[in-house]
Amino acid sequence: MIPAPFAYARPTTVDEALQAVADGGDDVKLLAGGQSLIPVMRLRLAAPEIVVDLGRIPELRGVREDGDSLVIGAMTTHADVLADPLIARYGRLVAEATETVADRQVRRRGTFGGALAHADPAGDLPAVALALDAEFVLAGPGGRRTVGAGDFFVDYLTTAMDDGELLVEVRVPKLGDEWGVRYEKFNRVAQAWSIVAVAAAVRREGGRIADARIGLTNMGATPLRASATEAALVGADVSLDAVTAAAALAADGTSPSSDLNAQADYRQHLAQVLTRRAVVAAAGL
Ligand SMILES: Cc1cc2nc3c(=O)[nH]c(=O)nc-3n(C[C@H](O)[C@H](O)[C@H](O)COP(=O)(O)OP(=O)(O)OC[C@H]3O[C@@H](n4cnc5c(N)ncnc54)[C@H](O)[C@@H]3O)c2cc1C
């Protein structure tokens, strides 16, 4: 099918975009890479009256450093994230997850911010953002505000962004060489969405685990932290036994869906297996 007719605005600044959204009334949609929005418009599951294209706003693109953070512009494409030297140096968990997103064509057009704003629990980047305690910078009619990842993902395909707001950039902590990372994704065929995936970042100090951050993809309506596993890892020996025991707690408190790809109990089993694999790799075991 082809989309229902819509008006189109192509602002060149964030302020112009906010104005276009305000002028658009109730039925306005922001367009980033279009990899999720255009398919639903073609199916006429969405039929906005006006589409505001963010593709010509330079401020929304690129990766920069700000103190201990990497700041990733919302309109930075997955391909540009993967090519960025700062991401290669300090954002390896973001890079590992981004490499598993779809195929080259989708990664060429799809954007970092679009994937997060879409908030699909099967998407690979929300769990990474949550594990890293990323901060989301939102612009709206009243100015800018920052929302932590723990508050940003509210429900299935739902974020804390208010009507009239847009995502400008995302701040993630720089992870230096003292951190090991791994994104473990399970899917039936290559280049497909995660049935379950685990994002792990582990910091070792001597023979112990000093810090552990674990994000779970597709284990509920939003991305989740494997909090019980994190608590069990901190202070534990860097050993297979300790990691295996901690990973057995990975599905605690989760409520994954049952669907054509997997039953809920199978997803919970996968979460444990993938968490063990991810932490073993991140801890360098
Ligand atoms: C065949 C295929 C396979 C895919 N496989 C995967 C996969 O394996 N893993 C994965 O994680 N993803 C996958 N994706 C999705 C991909 O990551 C998309 O890039 C992403 O979901 C949406 O990003 P986008 O830039 O295309 O956003 P769009 O489709 O343009 O927008 C998505 C939604 O976010 C909103 N939005 C976008 N940008 C902003 C902003 N700055 N502020 C506020 N709201 C905004 C839009 O209004 C829209 O509601 C796949 C997509 C396709 C087509």
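Definitions and limits used
Residues numbered from 1 in each chain as written. Predicted model: local features only at pLDDT ≥ 70, side-chain atom pairs only at ≥ 80, totals over all residues. Heavy atoms only, no water. Helix = DSSP H or I, 4+ residues; strand = E, 2+ residues; numbered from the N terminus. Rg over C-alpha atoms; globule rule 2.2 N^0.38 Å. Buried < 20%, exposed > 50% of the residue type's maximum accessible area, 1.4 Å probe, protein only. Areas by Shrake-Rupley, 256 points an atom, 1.4 Å probe, with all protein chains shown as cover. 1 Å grid on protein atoms, 1.4 Å probe; cavity = no way out; pocket = protein on both sides within 12 Å on 5 of 7 lines; lining within 4 Å. Points joined across faces, edges and corners; volume = space filled by probe spheres on them. Nonpolar A, V, L, I, M, F, W, Y, C, P; charged D, E, K, R; others polar. Near = heavy atom within 4 Å. Polar contact = N/O pair within 3.5 Å; in protein donor to acceptor, adjacent residues only side chain to side chain. Pairing = 2+ DSSP bridges. Axes fitted to C-alpha atoms, helices over the stretch in contact; angles between N-to-C directions. Contact = heavy atoms within 4.5 Å. Salt bridge = Lys/Arg side-chain N within 4 Å of Asp/Glu carboxyl O.

With that out of the way, let us pick up the overall build of the chain. When helices and strands are tallied, the chain shows 12 helices and 14 strands. A compact globule built from 285 residues should have a C-alpha radius of gyration of about 19 Å, and the chain, at 19 Å, falls within 12% of that. Taken along its principal axes, the extent of the C-alpha atoms in the chain is 60 × 45 × 30 Å. Residue burial in the chain is summarised as follows: out of 285 residues, 50% are buried. Carbon and sulfur atoms provide 48% of the accessible area of the chain, an area that totals close to 13100 Å².

Turning to empty space enclosed by the protein, a few remarks are in order. The tally for this structure, following the rule as stated, stands at 1 cavity of 30 Å³ or more. A volume near 30 Å³ is recorded for the largest cavity. Lining the largest cavity, in full, are Tyr90, Gly91, Arg92, Leu93, Val94, Leu132, Val172, Pro173 and Leu175. For the lining of the largest cavity, the element with the most residues is helix H5 (residues 92-99), which contributes 3 residues. Here the lining of the largest cavity is built from residues that sort into 7 nonpolar, 1 polar and 1 charged.

Okay, the site of the ligand next. In the neighbourhood of the ligand, 30 residues make up the surrounding shell, with Leu30, Gln35, Leu37, Thr111 and Asp124 lying closest. Within the backbone of Leu37, one N or O atom sits 2.7 Å away from an oxygen atom of the ligand. In isolation the ligand has 960 Å² of accessible area, and contact with the protein removes 88% of it. Among the secondary structure elements, those contributing two or more residues to the shell around the ligand are strand S2 (28-31), helix H7 (112-118) and strand S10 (166-173). When residues in the shell around the ligand are grouped by element, the largest group, 4 residues, is from H7.

This next bit is on the sheet that holds strand S1 (residues 7-9). Read across the sheet, 3 strands follow the order S1-S3-S2 without closing on themselves; strand pairing throughout is parallel. Sheet topology places S1 and S2 at the edges, where each strand pairs with a single neighbour. Between one strand axis and the next, the sheet turns through 25° on average, direction left out of account. Sheet topology places S2 next to strand S3 (residues 50-53); 4 bridges connect them, and they run parallel. Across the sheet, Leu31 pairs through a bridge with Asp53, a residue of S3. Sheet strands touched by helix H1 (residues 14-24): S1, S2 and S3. Its angle to S3, the strand with the most contacts, is close to 175°.

Right, let's talk about the layout of surface pockets for a bit. Of the volumes computed, that of the second largest pocket is approximately 270 Å³. Along its surface, the second largest pocket is lined by 16 residues, and Ala32, Gly33, Gly34, Arg61 and Arg109 are the ones closest to its centre. At the level of elements, helix H2 (37-42) and helix H6 (104-109) are the ones that each hand at least two residues to the lining of the second largest pocket. Its residues assigned to classes, the lining of the second largest pocket shows 5 nonpolar, 6 polar and 5 charged.

With respect to the secondary-structure elements, Ala262 resides in the loop between helix H11 (240-247) and helix H12 (264-282). It is 25 Å that separates the C-alpha atoms of Ala262 and Val243, two residues lying 19 residues apart in sequence.

Our focus in this paragraph is the pattern of salt bridges. As enumerated under the stated definition, the model contains 16 salt bridges in all. Measuring nitrogen to oxygen at the nearest pair gives 3.5 Å for the salt bridge that ties Arg213 to Asp133. One end of the pair, Arg213, is in strand S13 (residues 208-217); the other, Asp133, is in the loop between helix H8 (125-131) and strand S6 (135-140), with 80 residues separating them in the sequence. Its salt-bridge partner being Asp162, residue Arg145 comes within 3.7 Å of it at the nearest N-O pair. Here Arg145 is found in strand S7 (residues 143-148), whereas its partner Asp162 is found in the loop between strand S9 (158-159) and S10, with 17 residues between them in sequence. A single salt-bridge network, built from bridges that share partners, covers Asp133, Arg213, Arg225 and Glu230.

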